[in-house]
Amino acid sequence: MSEINLKEAEPIHCQYTRTSPNCCTCLSSCRGTVAALVRRDLEKACGMENAMEETVEKKTDVVVKGDAALKTQFLTTKDKFHEFVDSGWKGPKGHKTSDNDKPEEEKETSVEEPETKKFKVDPEERNKVGKPDGKRIRGQNKSRPHTKPNAFDEKRLCPSVIQDNKECTYGDKCIFLHDAAEYMGSKLADIGESCYLYDTFGKCAYGLSCRYAKAHTTPDFKTMENAELIKANEGRETVKNSLKKELQNQLRKRSVAFKKSEEYLKTLANNKDKTQQLGNAVVSADPTGEEQRVSTEAETQQASQDKQPPVKTIGPLTDEDVIKLRQCEKKQVDFQDKLYLAPLTTCGNLPFRRLCKRFGADITCGEMAMCTNLLQGQQSEWALLKRHESEDVFGVQVEGCFPDTMTRCAELINNNADVDFVDINSGCPIDLVYKKGGGCGLMTRNRKFEQIIKGMNHVLDVPLTVKIRTGVQEKCNIAHKLIPEMKKWDVSMITLHGRSREQRYTKLADWDYITACSKLASPVPLFGNGDILSYEDAMKAKETGVSGIMIARGALIKPWIFTEIKESRHWDISSNERLDILRDFSNFGLEHWGSDTRGVEKTRTFMLEWLSFMYRYIPVGLLERVPQKINERPPFYMGRNYLESLMASQHAGDWIRISEMLLGPVPKNFIFLPKHKANAYK
């Protein structure tokens, strides 16, 4: 074998390195067997690379950057997916339908969906390309149509007829129907043969107006009752914290007494006056000792106020009159190692929380309520405080920006609602709240924040918790500065969302920062929140040293995540099991919002809002890489059966089809667009 002088030989370049267009021309100077072997190996390598390039080119037709990794046999295109879903749809009653069979009125019920979101461009690329439209990507469909549930009933039955033929107080001026036969003739068709309310409680409060009225109505239009079930449920209070009419009238007339709040606010005002007086004394002081005279008068006035009792009382003196509860004497909640379902606006309603409790959520919290609306006695706002009997550890979340309203609201909740803790929302990023100084705005108003926390602690007999973000600006974290202060203000628990207000959901949560903050917060419990969609994500989060985990979007995408975390497994849940979950939600919704047309359509709307998150779930058996990541967009794919494919649809019209399987056909004038758009993908 002849030797090769490697120093004199030309450097070998290959197409793989992209340095020379010809991969083997450099071998002309080489002789012998070694050159032949090298040539053969290089040709083989180049052939493999060409084959790999062809394969990658084929895959890129389907796989896109930011999409979840699915097995190739399930991937498809948008057109093929919708063609398959449309061709296989059999309608809510089971018989196959086509576009030609649908009446024109039904075709107009779905609104064309908004334009697909564009991928977020990196800052460097943005400078090169420029900003084409000049608009910031938003996460809400603010211009979506709104239809009141009352609009679906052309003719409504008078409540006096529904309630066992009681006398109508409006007489001839009543605008509702009083003839049961006439109403039943014009009423929308019943949805099913059995009524969930009648089967559960023995009586349906909606009588003839129920959309399942056949199950409990006699031929002469009388409502039937099951005496055994009624007796079994006697005295049972399934839902607490309803707004009483008497309290609502008092709130509207502003006649509710806030004794503890007024006591605290008076001390705030006195401290403010004292500070102003001291400030004026320093400014107007002269060498003759005027400053000392003013301060002495202020001290004398304060001493005389201290001698007077703050509240005039009648009757025997008790410990509550003279001794204030210390923090350690208040009702305690064990927050350690708990799974906390986040307060979710719109989707975190009572029926959804019942489902999450069944799947293993330890702590639940009502949707964010505005403190001013609660103080005004608004029924819709008080509905957010309702608590189901299955929620053993339950709290309410309030939002506000001033010490007086927040303190009074806390006292109102403390006296009139059954809760285990009260949470302050200082992490809400929406402009409506932030521009008024609430939500994330509180994080930059330390003095007001301190007054709010101390005032609410003064009037509450339950723990006070706070939910915050890392900060307001994207690269300017301030939570680590606030946490030591909140410890001094006697906060019982802190929840930290690992994103700033500006980030919203477009970037991953900063769990390294959450780790550092949890050490600062000790011994106060700190919960971490952000990007948890599997038990592996939860295990990594627990390793950071946080006291517990709050789950938000992960619970909306797959509410069985709580079971997965507690059992440390990936649950390849079937499409039929997921449909059963939706069926339970519809039953809980009918119980909560009502089984008449108004309640059915309200249940449908909330179900569709939930489906706008739930469709993002990808079955475990279809994934190339487990687990699914929360910021990965689900591509178009065919499921293992038709129902699984239908549940994967990104089109609102297909979500309506799923709702029709459970709640019957939609009304003629029904229109739906989801409140939120997906704004968290790469």
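Residues numbered from 1 in each chain as written. Predicted model: local features only at pLDDT ≥ 70, side-chain atom pairs only at ≥ 80, totals over all residues. Heavy atoms only, no water.

**Observations concerning the overall build of the protein chain**
Now for step 1: Each helix and strand in the protein chain was counted, giving 27 helices and eleven strands.
Now for step 2: By residue count, 47% of the 682 residues in the protein chain fall in the buried class.
Now for step 3: Summarising the internal contacts of the protein chain: among those between residues at least 6 apart in sequence, 71% fall at separations of at least 24.
Now for step 4: Accessible surface for the protein chain amounts to roughly 36,900 Å². Of this, 50% is attributable to carbon and sulfur atoms. (Helix = DSSP H or I, 4+ residues; strand = E, 2+ residues; numbered from the N terminus. Buried < 20%, exposed > 50% of the residue type's maximum accessible area, 1.4 Å probe, protein only. Contact = heavy atoms within 4.5 Å. Areas by Shrake-Rupley, 256 points an atom, 1.4 Å probe, with all protein chains shown as cover.)

**Things to note about the packing of helix 24 (residues 575-593) against helix 27 (residues 652-663)**
Now for step 1: One way to put it is that helix 24 packs onto helix 27 with a least axis distance of 10 Å and a crossing angle of 65°. Crossing angle aside, the handedness with which helix 24 passes helix 27 is right-handed. Seen from helix 24, the contacting residues are Leu-579, Leu-582, Arg-583, Ser-586 and Leu-590; seen from helix 27, they are Ile-658, Met-661, Leu-662 and Leu-663.
Now for step 2: Class assignment of the residues belonging to the contact of helix 24 with helix 27 gives a composition of seven nonpolar, one polar and one charged. (Axes fitted to C-alpha atoms, helices over the stretch in contact; angles between N-to-C directions. Left-handed = near helix turned anticlockwise from the far one by under 90°. Nonpolar A, V, L, I, M, F, W, Y, C, P; charged D, E, K, R; others polar.)

**Some remarks on the side chain of Ser-645**
Now for step 1: Among the secondary structure elements, Ser-645 is positioned in helix 26 (residues 642-647).
Now for step 2: With near-sequence residues (within four places) excluded, Ser-645 lies in contact with Phe-81, Phe-84, Val-85, Met-638 and Gly-639.

**Looking at unusual backbone geometry**
Now for step 1: Here Ser-522 and Pro-523 are connected by a cis peptide whose omega angle stands at 10°.
Now for step 2: Mapped onto the elements, Pro-523 comes out in the loop between helix 20 (511-521) and strand 10 (526-529).
Now for step 3: Even without a glycine there, the phi angle at Ser-568 is positive, about 50°.
Now for step 4: Tracing the backbone through its elements, the reader meets Ser-568 in the loop between helix 23 (561-567) and helix 24.
Now for step 5: Judged by relative accessible area, Ser-568 falls into the partly exposed class, the value being 41%.

**Description of the environment of Met-661**
Now for step 1: Within the secondary structure, Met-661 is located in helix 27.
Now for step 2: For the pair Met-661 and Lys-90, spaced 571 residues apart in sequence, the C-alpha separation works out to 10.0 Å.

**Considering the confidence of the model for the protein chain**
Now for step 1: Scored by pLDDT, the protein chain comes out at a mean of 79, with 72% of its residues at no less than 70.
Now for step 2: Between residues 1-39, whose pLDDT stays under 50, and residues either more than four places distant or in other chains, the model counts 39 contacts.
Now for step 3: In this model, residues 51-63 is a region of pLDDT below 50 whose contacts with residues beyond four sequence positions or in other chains number six contacts. (pLDDT = per-residue confidence, 0-100.)

**Points about helix 25 (residues 597-614)**
Now for step 1: Between its first and last C-alpha atoms helix 25 spans 25 Å; for 18 residues at 1.5 Å apiece the expected length is 26 Å, and the two agree.
Now for step 2: Summarising burial for helix 25: 15 of the 18 residues are buried, a large majority. (Expected span 1.5 Å × (residues − 1).)

**Thoughts on the nonpolar core**
Now for step 1: Within the largest apolar cluster, 132 residues are counted, with the highest numbers of intra-cluster contacts made by Ile-413, Val-422, Ile-424, Met-456 and Met-486.
Now for step 2: No other element matches helix 25, which puts eight residues into this core.
Now for step 3: When near neighbours in sequence (up to four residues on either side) are disregarded, Met-486 contacts Phe-449, Ile-453, Val-466, Ile-468, Val-491 and Ile-494.
Now for step 4: Residues Val-161, Cys-174, Leu-177 and Tyr-183 belong to the second largest nonpolar core, which totals ten residues. (Core = buried A, V, L, I, M, F, W, Y, C linked by side-chain atoms within 4.5 Å.)

**Focus on the pairing of strand 11 (residues 548-551)**
Now for step 1: Neither face of strand 11 is left uncovered, since the one carrying Gly-548 and Met-550 and the one carrying Ile-549 and Ile-551 both have all their residues buried.
Now for step 2: Of the pairings in the sheet, the one linking strand 2 (residues 339-341) to strand 11 comprises three bridges and is parallel in character. Opposite Leu-339, over in strand 11, you have Ile-549 as the bridge partner.
Now for step 3: Examined bridge by bridge, strand 10 and strand 11 share three bridges and lie parallel to one another. Looking at strand 11, one finds that Gly-528 is bridged to Ile-549. (Pairing = 2+ DSSP bridges.)

**What to know about helix 9 (residues 245-252)**
Now for step 1: Among the residues of helix 9, those classed as buried are Leu-247, Gln-248 and Leu-251. Seen from one end, helix 9 has its buried residues packed into an arc of 100°, which puts them on one side. Exposed residues on helix 9 whose side chains face more than 90 degrees from its buried face are Lys-245, Glu-246 and Arg-252.
Now for step 2: Residues of helix 9 that are buried sit in contact with helix 14 (371-375), helix 15 (379-382) and helix 16 (403-416). (Arc of directions from axis to C-beta.)

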